[in-house]
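Here is how the chains run, residue by residue.
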Amino acid sequence: MQQYFYSDRLQTGDRFQLNQDDMHHIINVMRLKSQEIIHVVDSERQTYRCQLQALPEKEWELEALDQVYFERELPVKVIVACGLSKNDKLDWIVQKATETGMMEFIPLVLRRDVVKWEPKKAQKRVERLQKIAKEAAQQSKREIIPYVHNLMTLQEMTKMIQADHRWVMYEDTAKSGQHGALKTAFESVKSTDSIIAVFGSEGGFDPSEIQYLNEQNYLSCSLGPRILRAETAPIYLLSALSYQLEL
């Protein structure tokens, strides 16, 4: 069943329209017909069964029939912060991380990034990532659209973001065979905790960046004996968290 997000609060019996893009998607892309049912998540994260209603002059609206209940969110808040990767890798990370439970995403400026975002285009890139997060949240039936932050430096991130658990995924930790830190960290995670996990881009981290993060109480962690690509590592971590906390 198709799912969409509504920017206001809903109650049973409400008649309403989604934004223009979503209504276009329902009518012209999915080609749903009058009386068909979709799910709509409102601003309070409540999900409703909603029926499509045809109006005169080729207009459409939705009627909220009743509320339905699901448990689809990770029991912890996970913030993913990544260096800038080339091509569409960041798009892929945001899409798949949304599907696997991420709550927030931070694009990071790192010393070894292989690409740079021009200041004039950075906002458009963030808007694109936010759109990808919304579409992935709808597809995976999330109750929340992950929030995409503006581009940050490490210093800006550490000042702005507070979390119960702070991890940085560092390949040199893996190369040295120190694979126990993340397992121990997982064991200390409780439901409703918050986590920020920092990942490098293709170029990895400069040692000075790891030193800075360690000084800010970020724990250097390995994701196992195999070195993962920049776009694989965040999805691996989220999947492991889901196994640990949900399965």
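Residues numbered from 1 in each chain as written. Predicted model: local features only at pLDDT ≥ 70, side-chain atom pairs only at ≥ 80, totals over all residues. Heavy atoms only, no water.

For strand S11 (residues 194–199), the buried fraction is high: six of the six residues fall into the buried class. What you see with S11 is no split at all: Ser194, Ile196 and Val198 on one side and Ile195, Ala197 and Phe199 on the other are buried throughout. Inspection of the sheet shows strand S6 (residues 77–83) paired to S11 by six bridges, in the parallel sense. Residue Ala81 lies in a different strand from S11, and its bridge partner there is Val198. Direction of pairing for strand S10 (residues 165–169) relative to S11: parallel, over a ladder of four bridges. Counterpart to Trp167 in the pairing with S11 is Ala197. (Buried < 20%, exposed > 50% of the residue type's maximum accessible area, 1.4 Å probe, protein only. Helix = DSSP H or I, 4+ residues; strand = E, 2+ residues; numbered from the N terminus. Pairing = 2+ DSSP bridges.)

Among the secondary structure elements, His149 is positioned in the loop between strand S8 (147–148) and strand S9 (152–153). At 2.7 Å, the side chain of His149 and the side chain of Glu104 are in polar contact. Look past the residues within four positions of His149 in its chain and what remains in contact with it is Glu104, Phe105, Ile106, Pro107, Val126, Met160 and Ile161. (Polar contact = N/O pair within 3.5 Å; in protein donor to acceptor, adjacent residues only side chain to side chain. Contact = heavy atoms within 4.5 Å.)

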